[in-house]
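Now for the letters of each chain:
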Amino acid sequence: MQPRRQPGLFYDLTTDAVKVCTQNMKFWFALPLLLVLNLPCQSRTLDDVRAGGVLACGLVAERPGFAVRDKDYQWSGFDVDICRAIAAAVVGDPRKVNFVGLQQEELAVALQSGEVDVLPQGPQLSLSNDTSQGLIFVTPTFFTEGLEGNVDIYGPVVRQGDSNWLQVVRWIVWSLIRSEVLGVDAQKAASPTVGPSAAGSTFLEAGQSASSLGLGLDKGWTAKVVGAVGNYGEIFERHFGANSSNAQRRGMNRLFKDGGLLISPPFD
């Protein structure tokens, strides 16, 4: 695969790696600090995505309920909506996504090379998957029952070495969960005439706060996210609900308050 752009990741302190890192940072004076402190180079994925105006999203192709294409090659599914949510927050438009269909064995390479910016659902969370492929797990978004009663955990994955992008994707995903907890759906987020609860209003206002803006996102990003794709419950219902072609019980993918495993920290 050819990289869509150079991500500027810093894997080791060889001459070539340092050169790539510092060229991407545009600050050659950072080189001595990197060498002395052995600090990782921060790849500014957020800046790159905004500059290009499009999010590159890596999908495992043709997984019913998660990522499928129709006869017009339009993508839909749970993973597709996760990427649309990220695009809504980062570039202001859920349609600004370049979906890249991949095989399971191509996921890590596509992300490391910079061909894609995020995997909405990476490999199952395990010690080896989270530590040996240059990837970092963001937060759980889907649970399934594994062998011998174990729980298999899945969620978005980003490249190691860009802590800001990790935070951005994590809080966007958490906003989908938190909005369901607070009863904020797509209609309430998108229309000022449909008032959410007081707690829901606080959540939407969090997208305007100084702490929230510290992520590097524009004001109102929480409303943009939920207004674009709905809350987690709406996404699940759309792709796995009783009226979908992939109907399944929500089970462990219910909110924690409802007996499931999905949690989100407060937006205050």
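This structure is a prediction, so every number in the text was calculated from the model and none was measured.

Some thoughts on the packing of helix 3 (residues 45–52) against helix 7 (residues 163–181)
The N-to-C vectors of helix 3 and helix 7 enclose an angle of 70 degrees; their axes lie 7 Å apart at closest approach. Relative to helix 7, the element helix 3 lies roughly perpendicular. Of helix 7, the residues touching helix 3 (which contributes Thr45, Leu46 and Val49) are Asn164, Trp165 and Val168. Its residues assigned to classes, the contact of helix 3 with helix 7 comprises four nonpolar, two polar and no charged.

A few points about the pairing of strand 6 (residues 142–145)
As paired elements, strand 6 and strand 7 (residues 151–154) share four bridges and run antiparallel to each other. The residue bridging Glu145 from the neighbouring strand is Val151, located in strand 7. Connecting strand 6 to the antiparallel partner strand 7 that follows it, the hairpin turn spans five residues, and Glu148 within it adopts a positive phi of roughly 55 degrees.

Regarding helix 4 (residues 78–90)
For helix 4, which comprises 13 residues, the first-to-last C-alpha distance of 19 Å matches the rise-based estimate of 18 Å (1.5 Å per residue) to within 8%. Burial runs high along helix 4: 13 of the 13 residues are buried. Positive phi shows up at Gly92, right after helix 4, with a value of about 80 degrees.

Thresholds, definitions, all that
- Residues numbered from 1 in each chain as written.
- Predicted model: local features only at pLDDT ≥ 70, side-chain atom pairs only at ≥ 80, totals over all residues.
- Heavy atoms only, no water.
- Axes fitted to C-alpha atoms, helices over the stretch in contact; angles between N-to-C directions.
- Helix = DSSP H or I, 4+ residues; strand = E, 2+ residues; numbered from the N terminus.
- Parallel < 35°, antiparallel > 145°, perpendicular 65-115°, else oblique.
- Contact = heavy atoms within 4.5 Å.
- Nonpolar A, V, L, I, M, F, W, Y, C, P; charged D, E, K, R; others polar.
- Pairing = 2+ DSSP bridges.
- Expected span 1.5 Å × (residues − 1).
- Buried < 20%, exposed > 50% of the residue type's maximum accessible area, 1.4 Å probe, protein only.

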